[in-house]
Amino acid sequence: MKSDTIVVTGANGQIGTELVSALRAKGHRVIATDLRVSDKNDSFAERDFEVLDVLNKDALSSVFQKYKPAQVYHLAALLSAKAEQNPQLAWDVNMKGLLNILDCSVASQVGKVFYPSTIAVFGSTSPRVNTPQQTVTEPGTIYGISKLAGERWCEYYFNHKGLDVRSVRYPGLVSYKTKAGGGTTDYAVDIFFQALESKKYACYLSEDTTLPMMYMPDAIAGTIQLMEAPLENIKIRSGYNLAAFSFSPEQIATAIQKYLPDFQISYAPDFRQQIAESWPQSIDDSFARNDWGWAPQFSLEQMVKDMLENIAKNETFSNQLSV
Ligand code: NAD
Ligand code: SER
């Protein structure tokens, strides 16, 4: 396999932490960038890390000129809940940041760009079950609005400037290495840590709020698979729907109780409930499956076991798991 130089923005986040490691493990030289050096990830500070604000186009251009990346993974963004608390900043980071990346990529002749989109591009007028690839998209959140506009820009840069931009619409991602960064689906990460730490969790979504979710190893594998796919296989230039499974807070709590029978969940819905209710419950990802062979490996049950075992390993809760 050819080894590329790759720039990753927003590299300290939930996805970036694991994506950078996975790309490095494949032999690529990865320049991790973010607003600041991570206090949690020493390995980033030791090698190939640049402090970089994606709103600073001159700084971005300098990084591209210095490293001449063949690929760019543009992860920097404000997620849905954070974005509702600061809509102007979210628009700036999510939109102007992307346009800076696209422009600098064209100027520096970057070979491939990855743009992470989201199920938040759908809104309350989209079909909520098995949401199709192409359907009504009228998002009601500033996050969804910015990501949908971002998808349109990506397709525009492919059609008009020949930039090979590829994108997936991730569902909520569940992981244990880095905590989630301000989204509506964060509960599905926090619940595991709270289950082990205090055996109880107060959920900000109601018990039956079903959302599409995915385990991080599948998200990372799928992202790299998309980026490695032959050019002619990539037929969607907005964002591919990507799915694994769906669950509600009640269902994930029940799955955790199999390992931690004393665990208890309570419900206190807040502003994120309205956001979640405007999103799909399940996703049709047949275009990704047919075009470039997407297939998730982890079921909900396998994810729950793996999450608990790994958190227990790291945080010395191992004697609490009963299965
Ligand atoms: P995160 O919040 O964990 O990380 C985002 C990173 O971006 C942070 O480290 C932050 O410091 C950085 N950042 C913010 N503003 C920046 C700026 N101006 N310049 C440079 N860096 C900046 O997010 P994540 O969960 O890792 O998500 C990564 C991408 O994937 C985002 O674009 C997000 O919209 C998308 N996505 C994530 C999920 C999910 O469930 N995690 C789902 C769908 C889409
Ligand atoms: N997980 C993300 C969020 O909740 C969806 O893009 O914001």
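Refer to the structure above for everything that follows.
Calculation notes
- Residues numbered from 1 in each chain as written.
- Chains lettered and ligands numbered in written order.
- Predicted model: local features only at pLDDT ≥ 70, side-chain atom pairs only at ≥ 80, totals over all residues.
- Heavy atoms only, no water.
- Near = heavy atom within 4 Å.
- Polar contact = N/O pair within 3.5 Å; in protein donor to acceptor, adjacent residues only side chain to side chain.
- Areas by Shrake-Rupley, 256 points an atom, 1.4 Å probe, with all protein chains shown as cover.
- Core = buried A, V, L, I, M, F, W, Y, C linked by side-chain atoms within 4.5 Å.
- Buried < 20%, exposed > 50% of the residue type's maximum accessible area, 1.4 Å probe, protein only.
- Helix = DSSP H or I, 4+ residues; strand = E, 2+ residues; numbered from the N terminus.
- Pairing = 2+ DSSP bridges.
- Axes fitted to C-alpha atoms, helices over the stretch in contact; angles between N-to-C directions.
- Phe/Tyr/Trp six-rings, centres within 6.5 Å; stacked < 30°, edge-to-face > 60°.
- Lys NZ or Arg CZ within 6 Å of the ring centre and 35° of its normal.

Peer 1: What is the right way to read the site of ligand 1 from this model?
Peer 2: The local shell around ligand 1 holds 26 residues, among which Gln14, Ile15, Asp34, Tyr143 and Lys147 are the closest. Aspartate 34 is positioned such that a nitrogen or oxygen atom in its side chain is 2.6 Å from an oxygen atom of ligand 1. Within the contact set of ligand 1, an oxygen atom lies 3.4 Å away from a backbone nitrogen or oxygen of glycine 181. A total of 830 Å² of accessible area belongs to ligand 1 in isolation, and the protein chains cover 91% of it.

Peer 1: I tried to follow the nonpolar core on my own but got confused; where do I start?
Peer 2: What tends to happen in soluble globular proteins is that the nonpolar side chains get buried as a cluster. The biggest cluster of nonpolar side chains holds 49 residues, and the ones touching the most others in it are Tyr187, Phe192, Phe247, Ile252, Ile256, Met303 and Val304. When residues of this core are assigned to their parent elements, the largest contribution, eight residues, is made by helix α7 (residues 187–197). With 31 residues, the next largest nonpolar core counts Ile6, Ala32, Val168 and Ile220 among its residues.

Peer 1: Honestly, the sheet that holds strand β11 (residues 245–247) in this entry has me stumped. Any pointers?
Peer 2: Sheets are built from strands that pair by backbone hydrogen bonding, the pairs being arranged parallel or antiparallel. Across the sheet, which stays open at both edges, the three strands sit in the order β7-β9-β11 with mixed pairing between neighbours. Each edge of the open sheet carries a strand with a single partner, namely β7 (172–174) and β11. Sheet twist, expressed as the average angle between the axes of neighbouring strands with direction ignored, equals 45 degrees. The sheet contact formed by strand β9 (residues 211–215) and β11 spans three bridges and is antiparallel. Of the residues in β11, the one forming a bridge with leucine 211 is phenylalanine 247.

Peer 1: Any chance you could explain the environment of aspartate 164 here in plain terms?
Peer 2: The topology assignment puts aspartate 164 in strand β6 (residues 164–170). For the pair aspartate 164 and tryptophan 153, spaced 11 residues apart in sequence, the C-alpha separation works out to 12 Å. Polar contacts involving the side chain of aspartate 164 include one to the side chain of arginine 166, which spans 3.0 Å.

Peer 1: What is the right way to look at the environment of leucine 260 in this model?
Peer 2: Structurally, leucine 260 is set in the loop between α9 (249–257) and β12 (264–267). A C-alpha to C-alpha distance of 8.0 Å links leucine 260 and leucine 196, two positions 64 residues apart in sequence.

Peer 1: Would you take a moment to explain the packing of aromatic side chains for this structure?
Peer 2: By convention here, two paired aromatic rings are described through the distance between centres and the angle between planes. Within the structure shown, the criterion is met by 10 aromatic pairs. Both rings, one in tyrosine 215 and one in phenylalanine 298, keep their centres 4.9 Å apart while their planes meet at 75 degrees; by these two values the pair is edge-to-face. Placement of the pair is tyrosine 215 in strand β9 and phenylalanine 298 in the loop between α11 (286–292) and α12 (300–315), with a sequence separation of 83 residues. The exposure class assigned to phenylalanine 298 is partly exposed, which follows from its relative accessible area of 24%. With 6.4 Å between their ring centres and 45 degrees between their planes, tryptophan 292 and tryptophan 294 make a pair best called tilted. Note on tryptophan 292: relative accessible area 6%, which makes it buried. Three or more aromatic residues joined by ring pairs make a cluster, and in this case those are Tyr73, Phe114 and Tyr170. Sitting over the face of the ring of phenylalanine 193, lysine 179 holds its NZ or CZ atom 4.3 Å from the ring centroid.

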